[in-house]
Amino acid sequence: MTEVIDGNAVAAGIREGVADCVDALTGADVKPGLATVLMSADPASETYVSMKQRDCEEVGIEGIHVEVDPDAPAEELYATVDELNDDPSVHGVLVQLPLPEHVDKREVVRRIDPAKDVDAFHPENVGRLVAGDPRFKPCTPHGVQRLLEATGVDPEGKEAVVVGRSDIVGKPMANLLFGRDEGGNATTTVCHSRTDDLAEHTRRADVVVAAAGVPEFITGDMLSEGAVVVDVGVNRVERDGDSTLVGDVEFESAERKASAITPVPGGVGPMTRAMLLYNTVKAAALDADVDVPL
Ligand code: NDP
């Protein structure tokens, strides 16, 4: 019987833990604050940011939202980031991506104070993750790691295949999977668009993490019997005249092969959101030097 991994349930548990940490911090006169910055008129980005603000409210994190006109010069965004870096009531700064073309994304990421970089995209935080000493783990890969843990899957010694090598998902995912810490120690292969014979790799895997952004291209025949399949992909497609969300994995055929599989939606997505809250309370706790039950 294949287990369909309930990301909503696991994320709810994480949020409860975060709320306990917020209580502990409040007891020490610290109110964790997350600032979201939006420089886009894209409805999807607006939705993501408002969901993050709602999540903050639910667990007692102070949500601060700043909008920068998408047509404004890049310097206006830099100045906003600088102000939030200097604001002691803000513990996490998140600039919603993508940014307008005239803004240098790398410069923005570098500008965020690494101690407030709750996305963990700043080169210092990337370096720390690679060096095995993370301050923050990036939200999506960390969420995947916690989902595997909640499912009772210990990657240690197993063959893991990550499909995708992006800076925000694939690369850090691989780092966590082969890292020496708990939830790691897998023998890890990273595949990408230039990989010859992707199926040859995925068929060897005990754990497959799909993060390519290609709708339903990983099918059951590309998996080994009993594989654990984590689908990070979120792709909007037209089906029978309706717009719908699908992952990178063809759920029906993959479910027949897998021992456990995440659905889309309701798998990795809620975990990404929960881990952002987790990183925010961690940032506040580190800043205030308060022990919290993270
Ligand atoms: P990117 O587009 O940045 O990276 C995609 C990666 O997949 C690249 O490394 C690319 O290879 C590789 N790839 C593309 N096509 C293939 C293929 N046919 N075979 C093998 N590898 C391929 O995407 P992201 O990492 O940002 O996101 C991946 C997916 O995850 C998207 O659907 C995104 O929406 C979703 N996502 C979901 C989140 C969640 O919370 N659920 C959070 C973040 C992302 P190459 O490097 O060679 O181009």
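Predicted model, so just to flag it, every value in this text is computed and none were measured.

Enquirer: How do you make sense of the UniProt feature "binding site: NADP(+)" (unreviewed entry) in the protein chain when you look at a structure like this?
Expert: Per the UniProt record, the feature "binding site: NADP(+)" (unreviewed entry) sits at Gly164, Arg165, Ser166 and Val234. Position of Ser166 relative to the elements: it lies in the loop between β5 (159–163) and α7 (170–178). With respect to the helices, strands and loops of the structure, Val234 is situated in the loop between β8 (228–231) and β9 (235–239). For Val234, a count of 18 C-beta atoms within 10 Å puts it in the partly exposed group. Here Val234 is in contact with Leu245, Gly247, Val264 and Gly269, once residues within four sequence places are set aside.

Enquirer: What is the right way to look at the site of the ligand in this model?
Expert: Near the ligand, the surroundings consist of 26 residues, among which Gly164, Ser166, Ser193, Gly213 and Thr272 are the closest. With three residues, helix α10 (residues 268–288) is the largest single contributor of residues to the shell around the ligand. Tallied by class, the residues present in the shell around the ligand amount to twelve nonpolar, twelve polar and two charged.

Enquirer: What is the right way to look at the confidence of the model for the protein chain in this model?
Expert: Should the pLDDT be low somewhere, the predicted coordinates at that spot are not to be read in detail. Summing up the model confidence of the protein chain, the mean pLDDT is 98 and the portion of residues at 70 or higher is 100%. Of the two predicted TM-score estimates for the complex, the pTM is 0.98 and the ipTM is 0.99.

Enquirer: Quick question: what am I supposed to make of the pairing of strand β7 (residues 207–210) here?
Expert: For a regular strand, the rule is simple: side chains alternate between the two faces of the sheet. Burial along β7 is two-sided: Val207 and Val209 facing one way and Val208 and Ala210 facing the other are all buried. Where β5 lies against β7, four bridges are found, and the strand directions are parallel. Bridge pairing in β7 links Ala160 to Val207. Taken together, the four bridges between β7 and β8 define a ladder with parallel strand orientation.

Enquirer: Which parts of the structure should I look at to understand helix α5 (residues 123–130)?
Expert: Residues that lie three or four places apart on an α-helix share one face, since the helix turns once every 3.6 residues. Looking at α5, one finds that the buried residues are Asn125, Val126 and Leu129. Buried residues in α5, looked at end-on, bunch into an arc of 105°, giving them a common side. Exposed side chains of α5 directed beyond 90 degrees from the buried face belong to Pro123 and Gly127. Buried residues belonging to α5 abut α7. Immediately beyond the C-terminal end of α5, within one or two residues, lies Gly132, with a positive phi of roughly 80°.

Enquirer: Looking at this structure, how should I read the sheet that holds strand β4 (residues 92–95)?
Expert: The pairing of strands in a sheet comes from backbone hydrogen bonds and takes either a parallel or an antiparallel form. In space, the three strands of this open sheet follow the order β3-β2-β4, with parallel pairing throughout. Every interior strand has two partners, whereas the edge strands, β3 (62–67) and β4, have only one. Between one strand axis and the next, the sheet turns through 20° on average, direction left out of account. Across four bridges, strand β2 (residues 33–38) lies against β4 in parallel orientation. Residue pairing in the sheet places Leu34 in a bridge with Gly92 of β4. Together, β2, β3 and β4 form the strand contacts of helix α3 (residues 74–86), whose direction differs from that of β4 by roughly 165°.

Each value, and the rule that gives it
- Residues numbered from 1 in each chain as written.
- Predicted model: local features only at pLDDT ≥ 70, side-chain atom pairs only at ≥ 80, totals over all residues.
- UniProt positions renumbered as here; feature names shortened; annotations may be inferred.
- Helix = DSSP H or I, 4+ residues; strand = E, 2+ residues; numbered from the N terminus.
- Buried ≥ 20, exposed ≤ 12 C-beta atoms within 10 Å, placed from the backbone.
- Contact = placed C-beta atoms within 7 Å.
- Near = placed C-beta within 6 Å.
- Nonpolar A, V, L, I, M, F, W, Y, C, P; charged D, E, K, R; others polar.
- pLDDT = per-residue confidence, 0-100.
- Pairing = 2+ DSSP bridges.
- Arc of directions from axis to C-beta.
- Axes fitted to C-alpha atoms, helices over the stretch in contact; angles between N-to-C directions.

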